[in-house]
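Spelled out, the chains give:
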Amino acid sequence: MGLRICAVFHSDKQSVEAGQPPAVAVNPPMTMTGMMKIDALVEKIRKDPRLPTSFDGLCSSRLARALDTASVLALRFDLDIGTMKGLGQMANKEGDVVIKYPGCETEDMVVWQRNAMSSVRELSDDLDCLDQDATLIVVSHRPIIGGLMAWSRGIIGDHGAIDEIVRNPELAKEGYVVFDYEPNEDDPDEDTIIEVPR
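Figured I'd write up the structure that's included with this text. (Residues numbered from 1 in each chain as written. Predicted model: local features only at pLDDT ≥ 70, side-chain atom pairs only at ≥ 80, totals over all residues. Heavy atoms only, no water.)

**Re the packing of helix α4 (residues 109–126) against helix α5 (residues 142–152)**
What counts is decided by this rule: To obtain each axis, a line is fitted to C-alpha atoms, and for helices this fit is confined to the stretch in contact; angles are then taken between N-to-C directions over 0 to 180 degrees. To qualify as a helix, a DSSP run of H or I must reach at least 4 residues; to qualify as a strand, a run of E must reach at least 2; elements of each kind are numbered from the N terminus. Any angle from 65 to 115 degrees is called roughly perpendicular, while one under 35 is roughly parallel, one over 145 is roughly antiparallel, and all others are oblique. We call two residues contacting when some pair of their heavy atoms lies within 4.5 Å. For this classification, Asp, Glu, Lys and Arg are treated as charged, while Ala, Val, Leu, Ile, Met, Phe, Trp, Tyr, Cys and Pro are nonpolar and the rest, including Gly, are polar.
Running from N to C, α4 and α5 cross one another at 75°; their axes reach a closest spacing of 8 Å. Between α4 and α5, the angle falls in the class roughly perpendicular. In contact with Met 109, Trp 112, Gln 113, Ala 116, Met 117, Val 120 and Arg 121 of α4, α5 contributes Pro 143, Ile 144, Gly 147, Leu 148, Ala 150 and Trp 151. Grouping the constituent residues of the contact of α4 with α5 by class yields 10 nonpolar, 2 polar and 1 charged.

**Considering the side chain of Ser 152**
We apply this condition: What qualifies as a polar contact is a pair of N or O atoms within 3.5 Å, subject to a donor-acceptor requirement within protein and to the restriction that residues adjacent in sequence count only when both atoms come from side chains.
With respect to the element layout, Ser 152 can be found in helix α5. Of the polar contacts made by the side chain of Ser 152, one reaches the backbone oxygen of Met 149; its length is 2.6 Å. Among all residues touching Ser 152, those that are not within four sequence positions of it are Phe 179, Ile 193, Ile 194 and Glu 195.

**Focus on the packing of aromatic side chains**
Heads up, the rule is: Any pair of Phe, Tyr and Trp rings, taking the six-membered ring for Trp, is counted once the centres come within 6.5 Å. Such a pair is stacked with planes under 30 degrees apart, edge-to-face with planes over 60 apart, and tilted for the rest. Type-normalised accessible area, obtained with a 1.4 Å probe on protein chains alone, sets the label of each residue: buried when under 20%, exposed when over 50%, and partly exposed for intermediate values.
Tallied over the entire structure, the rule returns 2 aromatic pairs. Centroid distance Phe 55 to Phe 77: 5.2 Å. Interplanar angle 85°. Geometry classified as edge-to-face. Note that Phe 55 is positioned in the loop between α2 (32–47) and β2 (57–60) and Phe 77 in helix α3 (residues 64–77), a separation of 22 residues in sequence. Take Phe 55 and Phe 77: they sit in the same class, and that class is buried. Relative to Tyr 181, the ring of Trp 151 lies with its centre 5.9 Å away and its plane at 55°, an arrangement referred to as tilted.

**Re the packing of α2 against α3**
Applied cut-off: By convention, the crossing between two helices is left-handed when the near helix turns anticlockwise from the far helix through less than a right angle, and right-handed when the turn is clockwise.
Between α2 and α3, whose axes approach to 9 Å, the crossing angle comes to 45°. The orientation of α2 with respect to α3, classified from their angle, is oblique. Read as a crossing pair, α2 and α3 show a hand that is right-handed. Contact residues: α2 offers Met 35, Ile 38, Asp 39, Val 42, Glu 43, Ile 45 and Arg 46, while α3 offers Asp 68, Thr 69, Val 72, Leu 73, Arg 76 and Phe 77. Looking at the contact of α2 with α3, its residues break down into 7 nonpolar, 1 polar and 5 charged.

**Considering the pattern of salt bridges**
Going by this rule: Whenever a carboxyl oxygen of Asp or Glu lies within 4 Å of a side-chain nitrogen of Lys or Arg, that contact is scored as a salt bridge.
Counted by the stated rule, this structure contains 13 salt bridges. Ionic pairing is found between Glu 174 and Lys 44, a salt bridge with its closest N-O pair at 2.7 Å. One end of the pair, Glu 174, is in the loop between α6 (159–167) and β7 (176–182); the other, Lys 44, is in helix α2, with 130 residues separating them in the sequence. By relative accessible area, Lys 44 is classed as partly exposed at 31%.

**Some points on α3**
To keep things clear, this is the line we draw: Here the expected span of a helix is defined as 1.5 Å times the quantity of residues minus one.
Along its 14 residues, α3 runs 19 Å from first to last C-alpha, staying within 8% of the 20 Å computed at 1.5 Å per residue. Of the residues making up α3, those classed as buried are Ala 64, Arg 65, Ala 66, Asp 68, Thr 69, Ala 70, Val 72, Leu 73, Ala 74 and Phe 77. Those residues of α3 that are buried are in contact with β1 (3–9), α2, β2, β3 (81–83), β4 (91–94) and β6 (134–140). The positive-phi residue at the C-terminal boundary of α3 is Asp 78, with phi of around 55°.

Take it as geometry only, folks, not as evidence of what the structure does.
Here you go:
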């Protein structure tokens, strides 16, 4: 038994205005153009043979751009939105500048990957995926979904290798990635996640 995850990238975010404090600048909302892109993505998800016609839940990063994305999906799939801190990177990249949330200045790709892995395990436990199958939509950010992709390739804790995956333009070209996660009852470090190919 296991968990199938439709990991959706948040869409276009609004630009941060100069002078905004980091606690605000790290959390811009999605644009209306971004909302339209996610609305169009719904039909692609509905037609994807790797995914069911209905989902067991929807979980999102707590950051505004992800929650805005999740709200479009929640309306279209008639789902309530749960949030998890570990699905969010407490940062925002504006051009070449990375703004970090106060208290999270030392977080990096390795921390975000570890948080993503812990979040997936927690979601699986909550849905009792040792005994039954479930399919979730998860809304997150490039570094988080890229960390999951790295994990699926056996790359854990290697900042440079994770960063290379995150920067690859192919990562987000479809708007989402589908993963299968299988928990290991005896040793969580032996949990497996694999990308489900098209």
